[in-house]
Amino acid sequence: MPSCRTARYAAFISATGGTFPERRHLFALANTFMIGHYDHVVAWADWAAQQVESWPDTVTPATTHEAQVRDMLAPGRAAWQAAGHTED
């Protein structure tokens, strides 16, 4: 869910044109980016909390949770390979 401030500003710009109506199109671009950014941060925080639930501490999972760590890195490896790279 977007921050209340960003959502409120989107409603304000839509209703009034904002403080600089001639720049409303630019505010709309930036506002849409920020809403997406906030949504991503919230989704990442939820995901990260689930990932660390089973960790006994922040040091040992490097060796005790190798499969989980490898799974967490899978999207990065896939993006690297999709860009045409073959080396690890």
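Conventions used here
- Residues numbered from 1 in each chain as written.
- Predicted model: local features only at pLDDT ≥ 70, side-chain atom pairs only at ≥ 80, totals over all residues.
- Heavy atoms only, no water.
- Helix = DSSP H or I, 4+ residues; strand = E, 2+ residues; numbered from the N terminus.
- Rg over C-alpha atoms; globule rule 2.2 N^0.38 Å.
- Buried < 20%, exposed > 50% of the residue type's maximum accessible area, 1.4 Å probe, protein only.
- Contact = heavy atoms within 4.5 Å.
- Areas by Shrake-Rupley, 256 points an atom, 1.4 Å probe, with all protein chains shown as cover.
- Expected span 1.5 Å × (residues − 1).
- Axes fitted to C-alpha atoms, helices over the stretch in contact; angles between N-to-C directions.
- Parallel < 35°, antiparallel > 145°, perpendicular 65-115°, else oblique.
- Left-handed = near helix turned anticlockwise from the far one by under 90°.
- Nonpolar A, V, L, I, M, F, W, Y, C, P; charged D, E, K, R; others polar.

## Describing the overall build of the protein chain
Thinking step 1. Across its full length, the protein chain holds 4 helices and 0 strands.
Thinking step 2. Listing each helix as α and each strand as β along the protein chain from the N terminus yields α-α-α-α.
Thinking step 3. What you see for the protein chain is a C-alpha radius of gyration of 20 Å, clearly larger than the 12 Å of a compact globule of 88 residues, by over 25%.
Thinking step 4. Its C-alpha atoms give the protein chain principal-axis dimensions of roughly 55 × 35 × 15 Å.
Thinking step 5. Within the protein chain, the fraction of its 88 residues that count as buried is 11%.
Thinking step 6. Intrachain contacts of the protein chain at a sequence separation of at least 6 include 28% that bridge at least 24 residues.
Thinking step 7. When the accessible surface of the protein chain is split by element, carbon and sulfur atoms take 64% of a total near 7000 Å².

## Some details on the environment of Ala11
Thinking step 1. Within the secondary structure layout, Ala11 lies in helix H1 (residues 4-16).
Thinking step 2. Spatially, the C-alpha atom of Ala11 lies 46 Å from that of Glu66, the residues being 55 residues apart in sequence.

## What to know about H1
Residues that lie three or four places apart on an α-helix share one face, since the helix turns once every 3.6 residues.
Thinking step 1. The end-to-end C-alpha distance of H1 is 18 Å, a good match for the 18 Å that 13 residues give at a rise of 1.5 Å each.
Thinking step 2. A positive phi of about 95 degrees marks Gly17, the residue just after H1.

## A short note on the packing of H1 against helix H2 (residues 24-52)
When two helices pack together, their arrangement is given by the angle between the helix axes and by the axis-to-axis distance.
Thinking step 1. For the pair H1 and H2, the least separation of the axes is 10 Å and the interaxial angle reads 155 degrees. One way to sum up the angle between H1 and H2 is to call them roughly antiparallel. Both H1 and H2 take part in a crossing whose hand is left-handed. Along its contact with H1, which presents Thr6, Tyr9, Ala10, Ile13 and Ser14, the element H2 presents Arg24, Phe27, Asn31, Met34, Ile35 and Tyr38.
Thinking step 2. Taken together, the residues of the contact of H1 with H2 sort by class into 7 nonpolar, 3 polar and 1 charged.

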